[in-house]
Amino acid sequence: MSPNILIVAEHNGRTLSVATAKCVACAATIPDAHITVVVCAANAAAVAAQAAAVSGVHRVVTVEHPIHEHPLAAAIAPQIAALAGPYSHVLGPSSTFGKDLMPRIAALLETVQVSDIMAVESATRFRRPIYAGNAVITVEVLDGAKVVGTVRTASFQAAGTGAQAPIEAASPVAPPTHTRFVSVSAAKSDRPDLQTAGKVVSGGRALGSAESFQMLYRFADKLHAAVGASRAAVDAGYAPNELQVGQTGKIIAPELYIAIGISGAIQHLTGIKDARTIVAINKDPEAPIFEVADIGLVGDLFEIVPQLEQLIG
Amino acid sequence: MKRILVGIKRVVDYNVRIRIKPDGSGVVTEGVKMSVNPFDEIALEEALRIKERGAAEEVIVATVGPADCQPQLRTCLAMGADRALHVQTDTPLEPLATARVLRALTEREQPFLVLLGKQAIDDDNGQTGQMLAALWERPQATFASKVELSEGKARVTREIDAGLETIEVDLPAVVTVDLRLNEPRYVKLPDIMKAKKKPLETLTLEALGVTPRAQLKTPRYAPPAQRHKGVRVKDAAELVAALKQKGLL
Ligand SMILES: Cc1cc2nc3c(=O)[nH]c(=O)nc-3n(C[C@H](O)[C@H](O)[C@H](O)COP(=O)(O)OP(=O)(O)OC[C@H]3O[C@@H](n4cnc5c(N)ncnc54)[C@H](O)[C@@H]3O)c2cc1C
Ligand SMILES: Nc1ncnc2c1ncn2[C@@H]1O[C@H](COP(=O)(O)O)[C@@H](O)[C@H]1O
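Residues numbered from 1 in each chain as written. Chains lettered and ligands numbered in written order. Predicted model: local features only at pLDDT ≥ 70, side-chain atom pairs only at ≥ 80, totals over all residues. Heavy atoms only, no water.

Asker: How should the site of ligand 1 be read in this particular structure?
Answerer: Among the 30 residues in the neighbourhood of ligand 1, the closest are listed as Arg205, Ser230, Val245, Ser263 and Asn282 of chain A. Lying at an intersection of chains, ligand 1 is approached by residues of chains A and B. Glycine 261 of chain A is positioned such that a nitrogen or oxygen atom in its backbone is 3.2 Å from an oxygen atom of ligand 1. Residue aspartate 300 of chain A places a side-chain N or O atom 2.9 Å away from a nitrogen atom belonging to ligand 1. Coverage of ligand 1 by the protein amounts to 86% of the 980 Å² it exposes when considered alone. (Near = heavy atom within 4 Å. Polar contact = N/O pair within 3.5 Å; in protein donor to acceptor, adjacent residues only side chain to side chain. Areas by Shrake-Rupley, 256 points an atom, 1.4 Å probe, with all protein chains shown as cover.)

Put into structure tokens, the structure is as follows:
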């Protein structure tokens, strides 16, 4: 049987997330994959049209129900489980959306989940990181079990567009009433998105205050870069939680990552291992960040960052 | 009795630099410092605070694992858990099997809240809580940074990629915790002494009616691709020049 893959679309009701195109790219590395994207939404048309255009997608299935106005794992999981019968694989992104949802689907299907797929060796063999990326394991799914997986988006280039997959509607299953969306507070910003930005400027505990963090925002704007932060900076309230980079924050792969006043704990480094070029600015010449930095500069960030701003102009 | 069940995993301490066995068959754990998974300490701390506020009467910690997990359970008792359940098995379980065990424990203990870590820092799976919620047919609230309980409900703030999301779930429910939910307390020496007298019950998979079936094999462990140590520049001007040379500015 050739692999029949169902990908759960991540979207905000209007736009398909680039993470979904990365899942398609991952699925497409499985030989002979037939790829279906499922869009659960209150109104699916706009997102479904975008999904149908992603290269490699053969079919789009929509499920419309008011409960899908906001993504609730408790509502989406039974829906996907109901559709999953004919599929050999059910994939979603390794974003908080997918991390929340996919294990619930796997359990409903009584099957195994492979988290954070970073490479595909065959339809049943995958590589994934463990121990904050300090080891990479090859796992093999046994006995024809259905594979549920999350795709480590930093490991795949988004599939392009150009396809014209047919779109079909599936009927919704009755959602549970035990889980209700209340609110979401997402900071509005014109800066590039941390997860997709080509350049990221990241600050650590050394910034010392939310006010000093403003200096990083200014610097980032000059570079057209997104802003990230270490856990210590987020915990201290210098930066909001969605900026955290690392094992428990976002895993990113920008062209350029500039770590400013960040020591380089393994939990942080796991988030930036795939960055093309890492620059570190730290006053401690022994800081572990220098072990992985392509370009290191030892010095006081409060002197260096303003100088960089000036030099870049 | 209003009970909270907390899932605890014994893992290689987060400060240890792990090593892979030369034959690629696993990670060296002999002689390595083991600890309670940091997220599970946060889950336990939250449970204790809920109890201290009077919103729960008993905090039970449970672990599934080999005999040498007991020191970690004792640590949890010293932190303030009332009793511990040790489901003893020498075979490492996949998250679905662990979730089945925890599901059996919810049947036995009837908790109104189950608190787990959002992920175990050894396998980084991040699956068990969501799987338990599915098997139990109860709500889940993952990556919690705030938990507010009211009659029969919990309002949970979740750390998501976009920012913070709040959802409301009916109880009983499974909540998996994120790092910023709280800061776990330190264990004091007298508490360690007291913990020795607290009940620690050992159970078997058979007694709970769980027959684990391995669906995954791990044929190979390898080190990650190494990054090479780069160059040092002496000042901001050199840094800008180096970035320009790489076409990054
Ligand atoms: C389970 C777990 C998960 C974790 N997940 C994450 C995660 O996802 N992301 C993450 O980042 N961390 C994570 N951590 C935390 C991690 O272990 C570190 O504590 C954290 O990354 C440290 O942040 P920092 O580098 O900003 O702070 P510090 O380690 O305090 O480093 C500050 C650095 O700034 C330098 N400095 C000070 N002043 C100046 C100055 N004026 N100019 C230049 N340099 C200066 C210092 O030399 C030092 O190297 C996790 C920890 C645990 C236990
Ligand atoms: N063997 C275990 N025993 C008890 N709880 C566990 C076990 N494994 C995982 N858990 C719980 O499930 C959470 C998530 O683990 P995981 O799905 O393995 O990343 C952990 O933080 C624990 O709270």
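Asker: Explain the site of ligand 2 to me, please; I cannot follow it from the model alone.
Answerer: Residue and element names in this part refer to chain B. The environment of ligand 2 is formed by 17 residues, the closest being Asp40, Val64, Ala120, Gly126 and Thr128. A distance of 2.7 Å is found between an oxygen atom of ligand 2 and a backbone nitrogen or oxygen belonging to glycine 126. Between ligand 2 and glutamine 127, the relevant distance is 2.8 Å, taken from an oxygen atom to a main-chain nitrogen or oxygen of the residue. In isolation ligand 2 exposes 480 Å². Once the protein is present, 97% of that is buried. Secondary structure elements with two or more residues in the shell around ligand 2: strand E4 (58–65) and strand E6 (113–117). For the shell around ligand 2, the class distribution of residues is 5 nonpolar, 10 polar and 2 charged. (Helix = DSSP H or I, 4+ residues; strand = E, 2+ residues; numbered from the N terminus. Nonpolar A, V, L, I, M, F, W, Y, C, P; charged D, E, K, R; others polar.)

Asker: Looking at this structure, I do not really get the nonpolar core. What am I missing?
Answerer: All names here are of chain A. Counting residues in hydrophobic clusters, the biggest one holds 48 residues, and the most contacted among them are Ile7, Val24, Val37, Val39 and Phe126. Elements that contribute at least two residues to this core include exactly strand E1 (4–8), helix H1 (18–28), strand E2 (34–41), helix H2 (45–52), strand E5 (112–117), strand E7 (125–130), strand E8 (135–141) and strand E9 (147–151). The dominant element in this core, judged by the number of residues it contributes, is H1, at 6 residues. The residues touching valine 24, leaving out its near neighbours within four places in the chain, are Ile7, Ile35, Val37, Val54, Ser55, Gly56, Val57 and Ala159. (Core = buried A, V, L, I, M, F, W, Y, C linked by side-chain atoms within 4.5 Å. Buried < 20%, exposed > 50% of the residue type's maximum accessible area, 1.4 Å probe, protein only. Contact = heavy atoms within 4.5 Å.)

Asker: Help me out: how do you make sense of the domain arrangement of chain A in this one?
Answerer: Interfaces are frequently sized by the accessible area removed from exposure as the parts join. Residue and element names in this part refer to chain A. By domain assignment, chain A separates into domain 1 (4–169) and domain 2 (199–312). Each partner contributes to the interface: domain 1 provides 5 residues, whereas domain 2 provides 8 residues. Of the roughly 600 Å² buried between domain 1 and domain 2 on both sides combined, carbon and sulfur atoms contribute 40%. The closest approach of N and O atoms between arginine 152 and aspartate 274, which form a salt bridge, is 2.6 Å. Across the domain 1-domain 2 interface, the total number found is 3 residue pairs in polar contact (both at pLDDT 80 or more). Along the lines of polarity and charge, the residues of the side of domain 1 that touches domain 2 split into 2 nonpolar, 2 polar and 1 charged. (Domains from an automatic or database assignment. Buried area = accessible area lost by both parts, 1.4 Å probe. Salt bridge = Lys/Arg side-chain N within 4 Å of Asp/Glu carboxyl O.)

Asker: For this particular structure, what's the right way to read the environment of proline 22 of chain B?
Answerer: Residue and element names in this part refer to chain B. Within the secondary structure, proline 22 sits in the loop between strand E2 (10–12) and strand E3 (34–36). When its relative accessible area of 89% is taken as the criterion, proline 22 is described as exposed. C-alpha of proline 22 to C-alpha of alanine 222: the two residues are 200 residues apart in sequence and 9.2 Å apart in space.

Asker: Looking at this structure, how should I read the packing of helix H9 (residues 301–312) of chain A against helix H7 (residues 236–245) of chain B?
Answerer: A packed helix pair is summarised by two numbers, namely the angle formed by the two axes and the spacing between the axes. The contact between H9 of chain A and H7 of chain B brings their axes to 9 Å, and the two run at 50 degrees. On the basis of their axis angle, the class for H9 of chain A and H7 of chain B is oblique. In this structure, the crossing between H9 of chain A and H7 of chain B has a hand that is right-handed. Where H9 of chain A abuts H7 of chain B, its residues Ile304, Gln307, Leu308, Leu311 and Ile312 of chain A lie against Ala236, Ala237, Leu239 and Val240 of chain B. Tallied by class, residues from the contact of H9 of chain A with H7 of chain B come to 8 nonpolar, 1 polar and no charged. (Axes fitted to C-alpha atoms, helices over the stretch in contact; angles between N-to-C directions. Parallel < 35°, antiparallel > 145°, perpendicular 65-115°, else oblique. Left-handed = near helix turned anticlockwise from the far one by under 90°.)

Asker: Sorry if this is basic, but what is going on with the interface of chain A and chain B here?
Answerer: Across the contact, 87 residues belong to chain A and 76 residues belong to chain B. A combined buried area of about 6800 Å² lies between chain A and chain B, and 54% of that area is made up of carbon and sulfur atoms. For the chain A face of the interface with chain B, the top three residues by lost area are Arg104, Tyr131 and Arg180 of chain A, together amounting to 10%. Along the contact surface separating chain A from chain B lie 7 salt bridges.

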